[in-house]
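Coordinate analysis (summary)
The primary structure of each chain is shown beneath.
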Amino acid sequence: MEQRRVYDASRDWSVKALSFMTCSFGGVGVFSLILVLFGEYLVPGNLGSYASQRFTFAIIVGVLSVSSIIAWALKGPLEVSCLAKLLFPTVLLCSAFLLLALPFRENAYVWAEPGMYAFFFLTMNLVGLFLKGTGMTMVFVRSFLIGMVAACTIYGLSCVNIYLFALVDGNPGFGSHIPHGFGSIRYWSHIATWCLPLFPLAVLIGPLKHKRTWRLFVLAGAGLWWWVLIQSMGRGSLLGIAFGVFLATLLFGKRASLWLKALLLQLAVGIFLWLLLSILIPSALYDGENQLRVFHSGASGRLPLFLEAWQRSLQNFPFGLGPQSWLTVEPLTTDYASSLKFGHPHNMYLLWAAEYGWLLLLFLGLLVLQAIRYFWVVRAAVLSGATGKTSDEFMYSLVAFTASVSATLFHGGVSAVFLAPGSMLIGLFVLIMFWALIVPVKSNALTSTGMRKRFGLHSTIVLILSVALFSSWLLWVQVVSNYYIDMRADSKSYAEEVGKATYPRFWMHGNFPR
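What you see is a predicted model, and the numbers here were worked out from it, not measured in a lab. Along every chain, residues carry numbers that run from 1 in the direction the sequence is written. Given that the model is predicted, a residue must reach a pLDDT of at least 70 before its local features are reported, and side-chain atom pairs must reach 80 or more before they are shown or counted; all residues, however, enter totals for whole chains, interfaces and linings. To get the side-chain values, take all heavy atoms of the structure and skip hydrogens and water.

The subject of this paragraph is the overall build of the protein chain. Counting secondary structure elements, the protein chain contains 17 helices and 0 strands. Here the protein chain holds 514 residues, and the buried ones make up 54% of them. Contacts are residue-level and defined by heavy atoms, with any inter-residue pair within 4.5 Å sufficient. Sequence separation of 24 or more characterises 82% of the internal contacts of the protein chain that already satisfy a separation of 6 or more. Throughout, the Shrake-Rupley method with a 1.4 Å probe supplies accessible areas, and for residues the shown protein chains are the sole cover considered. Accessible area for the protein chain stands at about 22200 Å²; split by element, carbon and sulfur atoms hold 68% of it. We count a stretch as a helix when DSSP gives it H or I for four or more residues in a row; a strand needs E for two or more, and each element gets its number in order from the N terminus. Under the scheme applied here, a residue whose accessible area is under 20% of the maximum for its type counts as buried, over 50% as exposed, and between as partly exposed, the area being computed with a 1.4 Å probe on protein chains only.

The structure is reproduced here in structure tokens:
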């Protein structure tokens, strides 16, 4: 009887520890969003928001991935074979990034980006497994949503503040200052693609969903972001969100109706604000001279970039020309040689094909197929009503995250969604939550009463792997740090001797090494 009480006390402590880890992960996610939106004002010194986001990403993926795998090793009942099955496509993809970079190991800082992608996808999988195993997925989702809505709404209000100052100063060209705090409007539009499909979810789940004040707060925040998105003419984001909404509605049908109605209402508020703030008021004050961006058709100069990336992907088929070769290889097509240069071709898939080869995209396809398989099983359970008492909240979450992830995957075909540090930070947590919603792990795998507090063979193996992972992370962080120091030193001479614009890539001064 005494042993029974000791075991229960030990279990209570472990459950609290795992719950604390989950809450900490959620806090890190909200902190990341705040850093991305307000980093320009929060980061001291000369570091800059771009570099601070990259360093924050590097720290977060190491801490989260190692913490998650240690938790599974110490408390998880999963056998190594089961864990390996869940991780296999992800490990294969991460290994591909590193192995395909190996022939170019003599190049300077060749491991910076392959390591970044490897830790990105591995952390997504490991933390998603951890959340599902603790049964805290929905707690994490609700907490992240509250933080996301609060941060995004404050950012939207700050855009209104800039707008009002522009009107007071008699500046009809305020559109060039909104959105603010980003080196390019493209970086902000990446965040909009991740977040806007999640805004409707904030009024459908969580403890505040029935509070009128909260619902109005969410509506205002989402409306402001839609206004900024329309104002900034983020066509990639608009098309991506349209695709994500269409796909989610197609997959869930009437079950997605409440989420869709909430999204359309938020969009309607955004359109109203755009007509009022960006059209009617400036036209009245400046006699129609509002100097706003207008919608236009065309590829915005992307077609030469796509063709150039396609040609490069065929040069060393199927292995690619090496990490960051887009910056160092001479142009192959005359159109790109005579056009404006960028640090990437505005298409993540062609960029990966050009630098890592089509073989990498094959491994990426395996991970996508695994996700589709898991998603399809969960979707069938949701539509059949077999997910328990919280099926409505779970279903709405699955709808919203399906739309968000699908929108971003689409957006990645016309922009560097998986390269910009802010997008990768926010996307990491969105993908973690999506993975936790679909991965086939029992929701109490880390907290069940049948769990033994013992150090078995599988725990030993996983702990050894965690030590290897931690060591690899330290080596990668050292590469990233050295890369930053040398980049800062080179940026000064580049500005003085070359005098051309930089091509943001891993760092804001992305065309180093030259």
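The nonpolar core is taken to be a set of buried Ala, Val, Leu, Ile, Met, Phe, Trp, Tyr and Cys residues, with the residues joined through side-chain atoms within 4.5 Å. Counting residues in hydrophobic clusters, the biggest one holds 152 residues, and the most contacted among them are Leu37, Met148, Trp352 and Ile438. The contact partners of Leu37, leaving out residues within four places of it in the chain, are Ala151, Cys152, Tyr155, Phe182, Ile191 and Trp225.

What follows is about the pattern of salt bridges. A side-chain nitrogen of Lys or Arg and a carboxyl oxygen of Asp or Glu constitute a salt bridge if their distance falls within 4 Å. In the structure shown here, the tally under the stated rule is 5 salt bridges. The shortest N-O distance in the salt bridge between Glu355 and Arg505 comes to 2.7 Å. Of this pair, Glu355 sits in helix α13 (residues 348–356) while Arg505 sits in the segment after α17 (457–498), and the two are 150 residues apart along the sequence. Residues participating in the shared-partner salt-bridge network are Glu113, Glu355 and Arg505.

What follows concerns the packing of aromatic side chains. The pairing test for Phe, Tyr and Trp rings, Trp by its six-membered ring, is centres within 6.5 Å, and the orientation test on the planes gives stacked under 30 degrees, edge-to-face over 60, and tilted for anything in between. Counted under the stated rule, the structure contains 35 aromatic pairs. An angle of 85 degrees between the planes, with centres 6.5 Å apart, marks the rings of Tyr117 and Tyr356 as edge-to-face. Placement of Tyr117 in helix α4 (residues 112–134) and of Tyr356 in helix α13 is noted, with a sequence separation of 239 residues between them. Residue Tyr117 shares its accessibility class with Tyr356, and that shared class is buried.

Moving on, we come to the confidence of the model for the protein chain. Each residue carries a pLDDT score, the predictor's confidence in it, ranging from 0 to 100. Taken residue by residue, the protein chain gives an average pLDDT of 85. The fraction at 70 or more is 85%. Here helix α1 (residues 2–42) stands out as the least confident element of the protein chain, with mean pLDDT 70; α13 is the most confident, with 96. Here residues 1–10 is a poorly scored stretch, pLDDT under 50, and it has 4 contacts once near neighbours within four places are set aside; other chains count. A low-confidence stretch, residues 291–298 (pLDDT under 50), is modelled with 22 contacts involving residues beyond four sequence positions or located in other chains.

Right, let's get into the side chain of Arg505. Residue Arg505 is classed as buried on the basis of its relative accessible area of 0%. For the purposes of these results, a polar contact is taken to be a pair of N or O atoms within 3.5 Å, where, inside protein, one atom must be able to donate a hydrogen and its partner to accept one; residues adjacent in sequence count only when each atom of the pair is a side-chain atom. Within the structure, the side chain of Arg505 is placed 2.8 Å from the side chain of Glu113, a separation counted as a polar contact. In contact with Arg505, other than residues within four places in its own chain, are Tyr50, Arg54, Glu113, Gln324, Trp326, Leu327, Gly343, Leu351, Glu355, Leu419 and Gly510.

The subject of this paragraph is the side chain of Asp490. Following the sequence through the fold, Asp490 ends up in helix α17. There is a polar contact of 2.8 Å between the side chain of Asp490 and the side chain of His509.

Within this analysis, patches are made of residues with over 30% relative accessible area and no salt bridge. Like charges are joined at 9 Å or less; nonpolar side chains (Val, Leu, Ile, Met, Phe, Trp, Tyr) at 5 Å or less. Taken together, the side chains of Leu366, Val368, Leu369 and Ile372 make up a nonpolar region of the molecular surface, amounting to roughly 340 Å² of accessible area. Looking at the secondary structure, you find Val368 in helix α14 (residues 358–383). Val368 sits in the partly exposed class, given a relative accessible area of 38%.

Within the element layout of this structure, Gly48 appears in the loop between α1 and α2 (49–75). C-alpha separation for the pair Gly48 and Met508, spaced 460 residues apart in sequence, amounts to 9.1 Å.

With that out of the way, let us pick up the packing of helix α6 (residues 185–195) against helix α15 (residues 391–411). It is at 7 Å that the axes of α6 and α15 come closest, and there the two elements cross at 150 degrees. By the angle class used here, α6 and α15 are roughly antiparallel. When α6 is examined against α15, the residues Ser189, His190, Thr193 and Trp194 are found in contact with a partner set consisting of Ser404, Ala407, Thr408 and His411. To obtain an axis, a line is fitted to C-alpha atoms, over the contacting stretch when the element is a helix, and the angle between two such axes runs from 0 to 180 degrees between their N-to-C directions. Each angle is binned into one of four classes, with values under 35 degrees roughly parallel, values over 145 roughly antiparallel, values of 65 to 115 roughly perpendicular, and all other values oblique.

With that out of the way, let us pick up the packing of helix α7 (residues 212–232) against helix α9 (residues 257–285). One way to put it is that α7 packs onto α9 with a least axis distance of 7 Å and a crossing angle of 55 degrees. Here α7 is positioned oblique relative to α9, judged by the angle of their axes. The handedness of the crossing between α7 and α9 is right-handed. Here Val218, Leu219, Ala222, Gly223, Leu224, Trp226, Trp227, Ile230 and Gln231 of α7 come into contact with α9, specifically with Leu265, Gln266, Leu267, Val269, Gly270, Ile271, Leu273, Trp274, Leu277 and Ser278. Gly is placed with the polar residues, together with every amino acid not listed as nonpolar (Ala, Val, Leu, Ile, Met, Phe, Trp, Tyr, Cys and Pro) or charged (Asp, Glu, Lys and Arg). A class-by-class count of the residues in the contact of α7 with α9 yields 14 nonpolar, 5 polar and no charged. For a crossing to be left-handed, the near helix must be turned anticlockwise from the far one by less than a right angle; the clockwise case is right-handed.

A few words on the state of the cysteines. Where two cysteines share a covalent bond between their sulfur atoms, that bond is called a disulfide. Our working definition of a disulfide is a cysteine sulfur pair at a distance within 2.5 Å. Using the criterion set out here, one finds 0 disulfides in the structure. The thiol of Cys195 is unpaired, and the distance to the nearest cysteine sulfur, on Cys152, comes to 4.5 Å. Cys195 gets classed as buried once you look at its relative accessible area, which sits at 0%.

Burial of α13 is extensive: 8 of the 9 residues sit out of reach of the surface. Those residues of α13 not exposed but buried are Met348, Leu350, Leu351, Trp352, Ala353, Ala354, Glu355 and Tyr356. Two to three positions downstream of the cap, the backbone nitrogen of Tyr349 sits 3.0 Å from a side-chain oxygen, assigning the N-cap of α13 to Asn347. Following α13 by one or two positions, Gly357 adopts a phi angle in the positive range, close to 95 degrees.

Here we come to unusual backbone geometry. Residue Phe317 is joined to Pro318 through a cis peptide bond whose omega torsion reads 0 degrees. Here Pro318 lies in the loop between α10 (302–313) and α11 (325–328).

This part takes up the environment of Val218. Along the chain, the position of Val218 falls in helix α7. The buried category is assigned to Val218, whose relative accessible area is 0%. The spacing of Val218 and Leu201 is 17 residues in sequence and 9.8 Å in space, taken between C-alpha atoms. Ignoring any residue separated from it by four or fewer positions in sequence, one finds Val218 in contact with Val149, Phe199, Ala202, Val203 and Gln266.

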